[in-house]
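# Overview (structure and organization)
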Amino acid sequence: MTKSSIHILPVKSGSERHNNRQQELSYVRKDLSHLNESFSLTSIHERTKFLKENCKKLTRRAMQDKATPIREGVLIIEETTGIEQLKTLAHELEKNFGIKTIQAYTHKDEGHWDGDQWKPNYHAHMVFDWTDHATGKSLKLNKQDMAALQTLVADTLGLERGQSSEVKHLTAIAYKIEAEAKRLKQIYGLDLQELKNQQKNLKDETQLQQINLDYIKSKSEKELALLQEDKEDLLNKYNQLVQQYTELNKELSQKKNQGFRR
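An account of the accompanying structure is given in this report.

## A word on the overall build of the chain
The number of helices and strands found in the chain is six helices and nine strands. Per-residue burial for the chain yields a buried fraction of 27% across its 262 residues. Total accessible area computed for the chain in this model is approximately 19000 Å², and 52% of it derives from carbon and sulfur atoms.

## Comments concerning a nonpolar patch on the surface
On the surface, L235, Y238 and V242 cluster together into a nonpolar patch covering about 290 Å² of accessible area. For L235, the position within the fold is in helix α6 (residues 192-261).

## A word on the environment of Q150
Along the chain, Q150 turns up in helix α4 (residues 143-157). For Q150, a relative accessible area of 15% translates into the label buried. Separated by 143 residues in the primary sequence, Q150 and H7 have C-alpha atoms spaced 9.2 Å apart. Q150 has contacts with S4, S5, I6 and R161, leaving out every residue within four places of it along the chain.

## Overview of the packing of aromatic side chains
Inspection of every chain in the model, using the stated rule, returns two aromatic pairs. Its guanidinium or amino end placed over the ring of W118, R29 lies 5.2 Å from that ring's centre, counting from NZ or CZ.

## Regarding the pairing of strand β5 (residues 111-114)
As paired strands, β5 and strand β6 (residues 117-120) are joined by four bridges and run antiparallel to one another. Bridge pairing in β6 links D114 to Q117. In this structure, the hairpin formed by β5 and β6 is closed by a connection of two residues, where G115 is found at a positive phi of approximately 70°.

## Focus on the nonpolar core
Core analysis: the biggest nonpolar cluster contains 23 residues, and L75, L93, I99, M126, F128, L149 and L157 have the highest contact counts within it. At six residues, the largest contribution of residues to this core is made by helix α3 (residues 83-97). Other than its neighbours up to four places away in sequence, L157 contacts L75, I77, T81, Q85, L86 and L89. Core analysis: the next-biggest nonpolar cluster, separate from the first, contains seven residues, C55, M63, I70 and I102 among them.

## Describing the sheet that holds strand β2 (residues 37-40)
Read from one edge of the open sheet, five strands run β1-β3-β7-β4-β2, paired in antiparallel fashion. The outermost strands of the open sheet, each flanked by one partner alone, are β1 (6-10) and β2. Recorded for the sheet is a direction-independent mean angle of 20° between the axes of neighbouring strands. Two strands pair when backbone bridges link them, and β1 and strand β3 (residues 70-76) are joined in this way by five bridges, in the antiparallel orientation. Considered in β3, the bridge of I8 is made with G73. Strands β3, β4 (100-107) and β7 (123-129) of the sheet are contacted by helix α2 (residues 44-59), whose axis makes an angle of about 135° with β3. Along the sheet, α3 contacts β2, β3, β4 and β7; its crossing angle with β4, the most-contacted strand, is approximately 155°.

## A word on the environment of R17
Tracing the sequence through the fold places R17 in helix α1 (residues 15-19). When near neighbours in sequence (up to four residues on either side) are disregarded, R17 contacts Q22 and Q23.

## Examining the pattern of salt bridges
Counted under the stated rule, the structure contains seven salt bridges. Among the salt bridges present, the one from D31 reaches R29, with a minimum N-O distance of 2.7 Å. Residue D31 is classed as partly exposed on the basis of its relative accessible area of 47%.

## Describing unusual backbone geometry
The phi dihedral of R21 is positive, around 60°, even though this residue is not glycine. Structurally, R21 can be placed in the loop between α1 and β2.

## Considerations on α2
The end-to-end C-alpha distance of α2, which contains 16 residues, comes to 22 Å, matching closely the 22 Å that a straight helix rising 1.5 Å per residue would cover. What α2 keeps buried is the set I44, R47, L51, N54, C55 and T59. The arc enclosing the buried residues of α2, seen along the axis, measures out at 105°, which places them on a common side. Counted as exposed and oriented over 90 degrees from the buried face of α2: H45 and K57. Buried residues along α2 sit against α1, β3, β4, β7, β8 (131-132) and β9 (137-138). Downstream of α2 by one or two residues, R60 has phi in the positive range, about 65°.

About the cut-offs
- Residues numbered from 1 in each chain as written.
- Predicted model: local features only at pLDDT ≥ 70, side-chain atom pairs only at ≥ 80, totals over all residues.
- Heavy atoms only, no water.
- Helix = DSSP H or I, 4+ residues; strand = E, 2+ residues; numbered from the N terminus.
- Buried < 20%, exposed > 50% of the residue type's maximum accessible area, 1.4 Å probe, protein only.
- Areas by Shrake-Rupley, 256 points an atom, 1.4 Å probe, with all protein chains shown as cover.
- Patch = residues over 30% accessible without salt bridge, like charges linked within 9 Å, V, L, I, M, F, W, Y side chains within 5 Å.
- Salt bridge = Lys/Arg side-chain N within 4 Å of Asp/Glu carboxyl O.
- Contact = heavy atoms within 4.5 Å.
- Phe/Tyr/Trp six-rings, centres within 6.5 Å; stacked < 30°, edge-to-face > 60°.
- Lys NZ or Arg CZ within 6 Å of the ring centre and 35° of its normal.
- Pairing = 2+ DSSP bridges.
- Core = buried A, V, L, I, M, F, W, Y, C linked by side-chain atoms within 4.5 Å.
- Axes fitted to C-alpha atoms, helices over the stretch in contact; angles between N-to-C directions.
- Expected span 1.5 Å × (residues − 1).
- Arc of directions from axis to C-beta.

Laid out in structure tokens, this is it:
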């Protein structure tokens, strides 16, 4: 029996074009596309417009730019899974979690060639309205809810409940990070934790160097201030000596003039 899985992310801009086969894809066999099934209640654009208006009406605030009111789930299915089963799943998702399905597609024309053998990738796309229409806000599902959702998908489609896999569900960026960490492990013999430790040590050492630099700078500024004080003191002493010299020279001149008069 096929193991079930549903992976949910914010909907992509090209979702409808991909799901409706409006773009050329190297991994799609057009001769199998007639096996695909779908249903659509509304377009992503129209539903997004409604959700933004509903949010403004109920909350008196515009929907945040970072909000993801429309999300898409990709499901593993079997060759025999039909659109009626996805309709049943859509009903169960709304009844149990408030998730409203606006579009659903089965894709049975994707896969790859392994020599002369075709390896199909049977899956489905379900596009969700991820909001509560009574509040205008996004639905909040915790880890327990998401685990229950996975079980619901398996039970409704008659599939085996898949085990969660962090590696399988990593985003593309996170996957690349992990792959790079493995490559570094092979080249330098360092795992990700060791790299983080080295990074922390380097950060600590950099901070220590900065403290030392700040101390040296502070000390230099103090020494400079002392030198400035010494300079001013010497200048004052010099001016006093010049004044004394001038007065003595003046007194000596007066005595000479008195001697000449005698």
